[in-house]
Amino acid sequence: MTLELDTLPAAPDPEADRSAPDLTADGVGGRIDRSFRRVALAAGLTVLLALLLIAVVTTNKAWPAFSELGGSYFFGTEWVPSEGLYGIVPLVFGTILVSVLALVVAVPISVGIALFVTEVVHRRARGAVTTTIDLLAAVPSVVFGLWGFYYLIPPFQTAFNAVSDAVSGIPVLSTVLGPSTGSSYASAALVLALMVTPIITSVTREVFTTVPPNDKAGALALGATRWEMIRGVVFPHSTGGMTGAVMLGLGRAMGETVAVALLIGARPDITANIFAVGETMPAQIFRNLSEADDLFRAALIGLGVVLFVLTILVNVSARRMVVVIDRRVKGAA
Amino acid sequence: MNTTSTVPEDRTPDRVRRELSDANISIGRRVRNRAATVAMAVAFLLAAGPLVLMAANVFSQGLPAVTNLDWWTQPIPADVGRADLAGNEQLQDLGFGDQAADPDSTASTDSADSSTDGLVALGMQPAIVGTFLTVLGASALAIPLGIMGAVYLNEYGKRNRLANFIRFMTDVMTGVPSVVMGVFIYSIWVLRFGVEGKSAFAASLALACLMLPIVVRSTEEMLRLVPDPLREASAALGTRTWKTTVGVTLPAALPGIVSGCLLAVARAAGETAPIVFTIGFVTTTNWRFTGQNTTLSAQIYSQLQNGGDLATQMAWGAAVTLIGIVLVLTLIARFVARRYALR
């Protein structure tokens, strides 16, 4: 009786009978029980409904941009709204560049912290280290942006220009590390690295704790140093999980909005100079959506659709890789 | 006969200890091991250092504004950006970094002036009320829905295909950027109802989209920790599933659920991206869910855009207030989780 609402065939589940004894076939209790189940199912389905609505509604509102601009929207290399040029390539480029730069900085740091917590620090100090990193996750994005804007941009500018001067003669480096005005891909990426470190750390840490203690003890018993044990046992055991953690960090970095908007400047440009002013998709949406009209508005909502699709792809592949992620408790980290 | 003397002469404990000690490891291996350990500690400092620095900076800049009673009771001065045109110059001058001490001193004199002369009262009440309203609205929408969704996943669906699919999509939804939620609510709500649609309620909708997957997953995780014998005992007494869930399972998992929800609330309170184009802008306190409103995070951004001494002070003050709210929620969540933890 109580299984009638199963829309998909369920595996035979002995617990269902145990936890739902249908003693009175059709009393008031039975009806309450069934409606409670229905309400719960409906609540579970709202997640699917919400995702579906997001996809449908935003695509619908972005449709003018997709249909009118077509290829020049998805493959256009110039985003100049004032001249009616809506090519998203520079923004996609900026988003990916900033995210990848952030990961290049954040991944070694996160893995280091995760190892520090699981392998080095005394059990009693673990809580303190984890709490510190969790606090980093609790700081709102806009506060990172505010702080970075006033306290980091000036020293960054000095440092970037010093680096740029130092490499001025060298062929490739002088292009990649060019002159800077402070707001830049690199500035945004460094602050972004700080922001994605907590999530990469917490997932990597979970992955490391699943390494069988016997394998570790075995390596140590064979005379391996701690570092050799980490390289020989912990890392090989965790490659899948670590890749997933990095992908999750990538997803987070790509969607980060306010902090990036405040630190990157606002010039959609395809450049190899990581010290130059740039722009990302979320930042462009954030700056302009309130005042935009007609085609510009559709183009911005279209950016949201592209961002949605990209982050979904990244997250789906990340979740496939991290089975252990199931064990992660808080969504906030 | 002495049986303990079977240990060979060269295997005395002392000798074994010496063989196993670091001294017998080649210099290269020892150095690499030590370097790796140091690198791990440095990694931690690289993350913790900026956190401490940021906390120090934000609090030293923001406290003057927050400690004035005006902050909590007065409307936002509308013309704070135009109030001092020198502001833009100051923004450019920030390249020299030493401005750090400057706003501080002006803050104390300004706020002292304002309370006596009634010149410009640096108030933030509308944003504090707005933050409270939007988060309240989002919680009212997302928390019941999220808990019921988790009940379905853990108590009914369990491992069937639909439940697994919902679980997977919930995880995916956790990764959807908040700005996309904002674009979604903007498209479905603001574009439909026009400027009147911009309200604390619209912002609540966006934040609820953000909170829902977090609440579902953390609640499910907590329900899973409830031992099955509790459910079985209840069932053995002839209790219906819904009554077992409401009367036994949920109460048992309550501390964890509360903690997870508080973390979701803290996350929502700090969001800016989905807020700015769904809530509009006001400078006077609006206690209703309808009509335009503002929040602390939105104020930080817009005051930063305004530039100028006063606006900057207000941005820092709003940052301190916001961090305070988020920190309190996070700490309560951790306390509840630890103090009343199952297990």
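Above this text you will find the structure in question.
These remarks concern the structure in this document. The structure displayed is predicted, hence computed values, not measured ones.

**Remarks on the overall build of chain A**
When helices and strands are tallied, chain A shows 13 helices and 2 strands. Every one of the 333 residues in chain A was classed for burial, and the buried ones make up 54%. Put simply, 74% of the contacts in chain A that link residues at least 6 apart link residues at least 24 apart. When the accessible area of chain A is evaluated, it comes to approximately 13,800 Å², of which 64% is carbon and sulfur surface.

**Here's the deal with the nonpolar core**
Formed by 199 residues in total, the largest nonpolar core has its most connected members in Tyr73, Trp79, Phe144 and Leu303 of chain A together with Met124, Tyr152 and Phe277 of chain B. Apart from residues no more than four positions distant in its own chain, Phe277 of chain B is found in contact with Ile285, Phe286, Leu289 and Ser290 of chain A together with Val179, Gly182, Val183, Tyr186, Val190 and Lys198 of chain B.

**What about the pattern of salt bridges?**
All names here are of chain B. Inspection of every chain in the model, using the stated rule, returns 12 salt bridges over all chains. One salt bridge connects Glu155 with Arg231, and the closest N-O pair in it is separated by 2.9 Å. With Glu155 in helix H7 (residues 125-157) and Arg231 in helix H11 (residues 228-236), this pair connects stretches of sequence that are 76 residues apart. Using a relative accessible area of 8% as the deciding quantity, one classes Glu155 as buried. Classification of Arg231 by relative accessible area gives buried; the value is 11%. As a salt-bridge pair, Glu221 and Arg224 come within 3.6 Å of each other at their nearest N and O atoms. Here Glu221 and its partner Arg224 are both found in helix H10 (residues 200-225), 3 residues apart, which amounts to about one turn of the helix.

**A closer look at the interface of chain B and chain A**
With 96 residues of chain B at the contact, the number on the chain A side is 98 residues. Of all residues in chain B, Met40, Phe44 and Arg240 of chain B bury the most surface against chain A, accounting for 8% of the area lost on that side. The interface formed by chain B and chain A contains 2 salt bridges. A salt bridge links Glu228 of chain A to Arg29 of chain B; the nearest nitrogen and oxygen atoms lie 2.6 Å apart. Counting every contact that joins chain B to chain A gives 12 residue pairs in polar contact (both at pLDDT 80 or more). With 19 residues, the single largest contributor to the side of chain B that touches chain A is helix H2 (residues 27-66) of chain B.

**Re the packing of aromatic side chains**
Per the counting criterion, the structure on display carries 22 aromatic pairs over all chains. Relative to Phe296 of chain A, the ring of Tyr86 of chain A has its centre 5.7 Å away and its plane inclined at 20 degrees; by these criteria the two rings are stacked. You can see Tyr86 of chain A sitting in strand S2 (residues 85-86) and its partner Phe296 of chain A sitting in helix H13 (residues 294-321), a full 210 residues away along the chain. Accessibility assignment for this pair places Tyr86 of chain A and Phe296 of chain A in one class, buried. Ring centres 4.6 Å apart and planes at 65 degrees place the aromatic pair Phe286 of chain A and Tyr301 of chain B in the edge-to-face group. Here Tyr301 of chain B lies in helix H14 (residues 296-306) and Phe286 of chain A lies in helix H12 (residues 281-288), a pairing that spans two chains. For the pair Phe286 of chain A and Tyr301 of chain B, one class covers both residues: buried. An aromatic cluster of three or more residues is present, and its members are Trp63, Phe66, Tyr73 and Phe74 of chain A.

Conventions used here
- Per chain, the residues get numbers from 1 upward, laid out in the order the sequence is written.
- To read the labels, note that chains go from A and ligands from 1, taken in the order they are written.
- Local features in this predicted model are restricted to residues of pLDDT 70 or higher, and side-chain atom pairs are both shown and tallied only at a pLDDT of 80 or more, whereas totals for entire chains, interfaces and linings draw on every residue.
- To obtain the side-chain values, all non-hydrogen atoms of the structure were included, while hydrogens and water were left out.
- What counts as a helix is a DSSP run of H or I of at least four residues, what counts as a strand is a run of E of at least two, and both are numbered from the N terminus.
- Think of it in three bands: with a 1.4 Å probe and only protein chains considered, a residue is buried below 20% of the maximum accessible area for its type, exposed above 50%, and partly exposed in between.
- Here, residues are in contact when the closest pair of their heavy atoms is within 4.5 Å.
- In these tables, accessible area is a Shrake-Rupley quantity obtained with a 1.4 Å probe, and a residue counts as shielded only by the protein chains included in the view.
- Here, the term nonpolar core denotes a set of buried Ala, Val, Leu, Ile, Met, Phe, Trp, Tyr and Cys residues that are joined through side-chain atoms within 4.5 Å.
- Criterion for a salt bridge: a side-chain nitrogen of Lys or Arg within 4 Å of a carboxyl oxygen of Asp or Glu.
- Here the quantity called buried area is the total loss of accessible area, with a 1.4 Å probe, experienced by two parts when brought into contact, counted for both.
- Polar contact is the term for a pair of N or O atoms within 3.5 Å; when the atoms are in protein, one must be able to donate a hydrogen and the other to accept it, and sequence-neighboring residues count only if both atoms are side-chain atoms.
- Pairs were defined over the aromatic rings of Phe, Tyr and Trp, the Trp ring being its six-membered one, requiring ring centres within 6.5 Å. Orientation was assigned from the angle between planes: stacked under 30 degrees, edge-to-face over 60, tilted for the rest.

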